[in-house]
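# Close look at the chain arrangement
Letter by letter, the chains look like this.
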Amino acid sequence: KAGVTQTPRYLIKTRGQRVTLSCSPISGHRSVSWYQQTPGQGLQFLFEYFSETQRNKGNFPGRFSGRQFSNSRSEMNVSTLELGDSALYLCASSLAKAGGTDTQYFGPGTRLTVL
Amino acid sequence: SQKIEQNSEALNIQEGKTATLTCNYTNYSPAYLQWYRQDPGRGPVFLLLIRENEKEKRKERLKVTFDTTLKQSLFHITASQPADSATYLCALEKTGGSYIPTFGRGTSLIVHP
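Just so it is clear, the structure is predicted and the values come from calculations on it, not from any experiment.

For the rest of this paragraph, the subject is the overall build of chain B. A count of helices and strands for chain B gives zero helices and 11 strands. In summary, chain B has a C-alpha radius of gyration of 14 Å against a globular reference of 13 Å for 113 residues, a match within 12%. Considered along the principal axes of its C-alpha atoms, chain B spans approximately 45 × 30 × 20 Å. Burial statistics for chain B: of 113 residues in total, 42% are counted as buried. Of the contacts made within chain B by residues no fewer than 6 positions apart, 54% connect residues no fewer than 24 positions apart. Carbon together with sulfur atoms contributes 47% to the accessible area of chain B, which is approximately 5800 Å² in total. Positive and negative side-chain charges of chain B, numbering 14 and 11 respectively, have mean locations separated by a distance of 2 Å.

Bringing the state of the cysteines into the picture now. Put plainly, a disulfide is one covalent bond tying together the sulfur atoms of two cysteines. Scanning all chains against the criterion turns up two disulfides over all chains. Disulfide pairing is shown between A:Cys23 and A:Cys91; the S-S distance is 1.7 Å. Between A:Cys23 and A:Cys91, the S-S torsion sits near -55 degrees, and that sign places the bridge as left-handed. With A:Cys23 in strand β3 (residues 19–24) and A:Cys91 in strand β9 (residues 87–94), this pair connects stretches of sequence that are 68 residues apart. Like A:Cys91, A:Cys23 is buried. A disulfide bridge connects B:Cys23 with B:Cys90, and the sulfur atoms are separated by 2.0 Å.

What follows covers the pattern of salt bridges. All names here are of chain A. Inspection of every chain in the model, using the stated rule, returns nine salt bridges over all chains. Across the salt bridge formed by Arg63 and Glu82, the nearest N and O atoms sit 3.6 Å from each other. Of the two residues, Arg63 is situated in the loop between β6 (53–57) and β7 (64–68) and Glu82 in the loop between β8 (74–78) and β9; the sequence distance between them amounts to 19 residues. With relative accessibility at 17%, the residue Arg63 sits in the buried group. Counted as one network, the salt bridges with shared partners bring together Arg63, Glu82 and Asp85.

Further remarks concern the interface of chain B and chain A. Taken together, the contact between chain B and chain A spans 18 residues of the former and 25 residues of the latter. For the pair chain B and chain A, the summed buried area comes to about 1600 Å², and 55% of that belongs to carbon and sulfur atoms. Summed over the shared surface of chain B and chain A, the result is zero salt bridges. Applying the counting criterion to the chain B and chain A interface returns three residue pairs in polar contact (both at pLDDT 80 or more). Where the side of chain B that touches chain A is concerned, the elements lending two or more residues are β4 (32–38), β5 (45–51) and β10 (101–103) of chain B. If one sorts the elements of the side of chain B that touches chain A by residue count, β4(B) sits on top with four residues. For the side of chain B that touches chain A, a count of residues per class yields nine nonpolar, five polar and four charged.

Here is what the cut-offs are and how they apply
Residues numbered from 1 in each chain as written. Chains lettered and ligands numbered in written order. Predicted model: local features only at pLDDT ≥ 70, side-chain atom pairs only at ≥ 80, totals over all residues. Heavy atoms only, no water. Helix = DSSP H or I, 4+ residues; strand = E, 2+ residues; numbered from the N terminus. Rg over C-alpha atoms; globule rule 2.2 N^0.38 Å. Buried < 20%, exposed > 50% of the residue type's maximum accessible area, 1.4 Å probe, protein only. Contact = heavy atoms within 4.5 Å. Areas by Shrake-Rupley, 256 points an atom, 1.4 Å probe, with all protein chains shown as cover. Lys, Arg positive; Asp, Glu negative; His and termini not counted. Charge placed at Lys NZ, Arg CZ, Asp CG, Glu CD. Disulfide = S-S within 2.5 Å. Salt bridge = Lys/Arg side-chain N within 4 Å of Asp/Glu carboxyl O. Buried area = accessible area lost by both parts, 1.4 Å probe. Polar contact = N/O pair within 3.5 Å; in protein donor to acceptor, adjacent residues only side chain to side chain. Nonpolar A, V, L, I, M, F, W, Y, C, P; charged D, E, K, R; others polar.

Okay, here's the thing in structure tokens:
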């Protein structure tokens, strides 16, 4: 089975711009979560989508948004980029079985640099 | 507030020794705890899951213990190898049963040949 894929792998943007990151989950996985990872804050949960609906949300400003398509693929958008948005953005998919554990399968990440 | 603590200092050990990493938590009543490995510039990779009613779990050279009284998990790598050098993250599911794990900040392990 193919793993989680993320595109692009690297991205350089300038302050004020908008960016869209893409994630394709493992086939059969219906839940897609997004995380931001920085050396200072570690792995921070952004949001989770399940069946095209945002089911959980972390403590990030409204500049961060996302969506999920009917094929479970997901996109994450960041508008009005700030220098502090420079980070590794990770997408993870899971089976999200009712009543079960939720092991996250991560993609390789997108390294975003904001200049 | 809920907190997950892992030693921020890197753990340096010699090849062949047993590495022991610690994960402490407060204000959680987790049903299970997970350990992940992360290499630089890559996403975390799931290693082991242990449930609250399990004291110990093993997988090849890996062993995890879970003490809900002490609110602590220990992660052991026996006969460590330089290839085990990585950052190891523990994760607890978010209280409230949302099944989204919350991650500790990880401990870096460096195994010297």
